[in-house]
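Remarks on the overall topology
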Amino acid sequence: MAEPRAGLALRFQRPFLAARPLRSLPWPELEESLRTAPDSALLADILHKTILHPLCVKYPPSVKYRRCFLTELIKKLESTAAEPLDELYEALADVLKEEESTHCYKNYLLPTGDCVSLSESTALISGGTTGLVTWEAALHLAHWALQNPGLFRDRTVLELGSGIGFTGIAICKTCQPRTFIFSDCHHRVLRQLEENIRLNGFIPEPDITCSIQTESQGQEVEGESCQNPKVIVAELDWGSVTEKQLLGLRADVVIAADVVYDPEIILVFIGMLQKLSTSRADRKAPEVFIASTIRNPDTYQLFQAELDKAGIRWQMIPAHSSCNFLYDVQPDVTILQLFI
């Protein structure tokens, strides 16, 4: 019995630290375990692997999330004949003393043993942008990258619409790129992005942050270690970026997640891909991978139709196994490889 119960506590840990929806946590299994053997020790184990975990203490999820989690855990305790657990009530009392904040943290435990900690907005739309939270397709793209590290190893990777940085930071920690260029166009997003990059132990190149200027910025440094990739944060507006600027980045691989959710954005995005195609001079065309959550099938079909119209060939990457660092995966995420 001990092993399954210990495993159950770990099944709470990963989604809790990433602040996944509470309904996705294994509550039914907890109820069944407590019915079989009422024991507050199991709840204490869950408490220490979640609320009292060092990552949660240092980089906590939102006050509301922790409050709701503890309230549910207490309900499960009180529905059994288990002994009361004082530290569970003490933890809730501590959370109730905290004030709500506009920002919170999410901690993603990767299968490699690494962790990506992110500061996020508690609102889906904040400061006029949706870029201050992590979206589903970014999680899937990162998971796919972790399964295909050789695609990124010792190469220059350009991420379009990086948002607050989950996918890129995960790749930097696990796939050993030579250079990783994070990019976005919203100033608040870029500030949050740089904060998260530093939070995870990387230091963006000085004097390059938030701008693309010269070709030399993208040039590879002979003998540079791939264990600690060069990291650049670039302000990149798809509509105004020039072919010369894109050429200067010298990207071998281009990735993006959840960037084709609006018909107007699709046209600008494809225009930027065409600039990438024509700006490569005598270099090999970069490999391009776009992950999308299909919220509106019409919009996604429009993206594919516009790619066809622009003469950009594409193929769907076969669905990968379920995302093993999260439990509530969405089935409607696809990854396209584009041939520009």
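No experiment lies behind these values; they were computed from the predicted model shown.

This part takes up the overall build of the protein. What the protein contains, in helices and strands, is 12 helices and 9 strands. Each of the 340 residues in the protein was classed as buried or not, and the buried ones make up 52%. The contacts of the protein with a sequence gap of at least 6 include a subset with a gap of at least 24, amounting to 73%. A total of about 15400 Å² of accessible surface is found on the protein, and carbon and sulfur atoms cover 51% of it.

Another point: the pairing of strand S6 (residues 253-257). Two faces belong to every sheet, and in a regular strand the side chains alternate between them. The buried fraction of S6 is high, at 5 of 5 residues. Residues Val253, Ile255 and Ala257 of S6 are buried on one face, and the alternating residues Val254 and Ala256, pointing to the opposite face, are buried as well. Here S6 pairs with strand S7 (residues 287-293) via 5 bridges, running parallel. The partner of valine 254 across the bridge, within S7, is valine 288.

Take the environment of valine 253 next. With respect to the secondary-structure elements, valine 253 resides in strand S6. We classify valine 253 as buried; its relative accessible area is 0%. When the C-alpha atoms of valine 253 and phenylalanine 180 are compared, they prove to be 9.6 Å apart, with 73 residues separating the residues in sequence. Apart from the residues lying within four places of it in its own chain, the contact partners of valine 253 are Leu151, Phe152, Arg155, Thr156, Val157, Leu158, Pro286, Glu287 and Phe289.

As a rule of thumb, nonpolar side chains are buried together in soluble globular proteins. Within the largest apolar cluster, 39 residues are counted, with the highest numbers of intra-cluster contacts made by Phe152 and Ile255. With 8 residues, the single largest contributor to this core is helix H7 (residues 136-147). Once residues within four sequence positions are removed from consideration, phenylalanine 152 is found in contact with Trp144, Ala145, Val157, Ile171, Cys175, Gln176, Pro177, Arg178, Val253 and Ile255.

Here we come to the packing of aromatic side chains. Applying the stated criterion across every chain yields a total of 13 aromatic pairs. Consider the rings of phenylalanine 12 and phenylalanine 69, whose centres lie 6.4 Å apart with planes at 65 degrees: the pair is edge-to-face. One end of the pair, phenylalanine 12, is in helix H1 (residues 2-17); the other, phenylalanine 69, is in helix H5 (residues 63-78), with 57 residues separating them in the sequence. The pair phenylalanine 12 / phenylalanine 69 is uniform in exposure class, with both members buried. Here a set of aromatic residues connected by ring pairs shows up, and it is made of Phe12, Phe16, Trp27, Tyr65 and Phe69. Note that arginine 313 overlies the ring of phenylalanine 339, its terminal NZ or CZ placed 4.6 Å from the centroid.

Calculation rules
Residues numbered from 1 in each chain as written. Predicted model: local features only at pLDDT ≥ 70, side-chain atom pairs only at ≥ 80, totals over all residues. Heavy atoms only, no water. Helix = DSSP H or I, 4+ residues; strand = E, 2+ residues; numbered from the N terminus. Buried < 20%, exposed > 50% of the residue type's maximum accessible area, 1.4 Å probe, protein only. Contact = heavy atoms within 4.5 Å. Areas by Shrake-Rupley, 256 points an atom, 1.4 Å probe, with all protein chains shown as cover. Pairing = 2+ DSSP bridges. Core = buried A, V, L, I, M, F, W, Y, C linked by side-chain atoms within 4.5 Å. Phe/Tyr/Trp six-rings, centres within 6.5 Å; stacked < 30°, edge-to-face > 60°. Lys NZ or Arg CZ within 6 Å of the ring centre and 35° of its normal.

The quantities given are spatial measurements derived from coordinates; they are silent on function.
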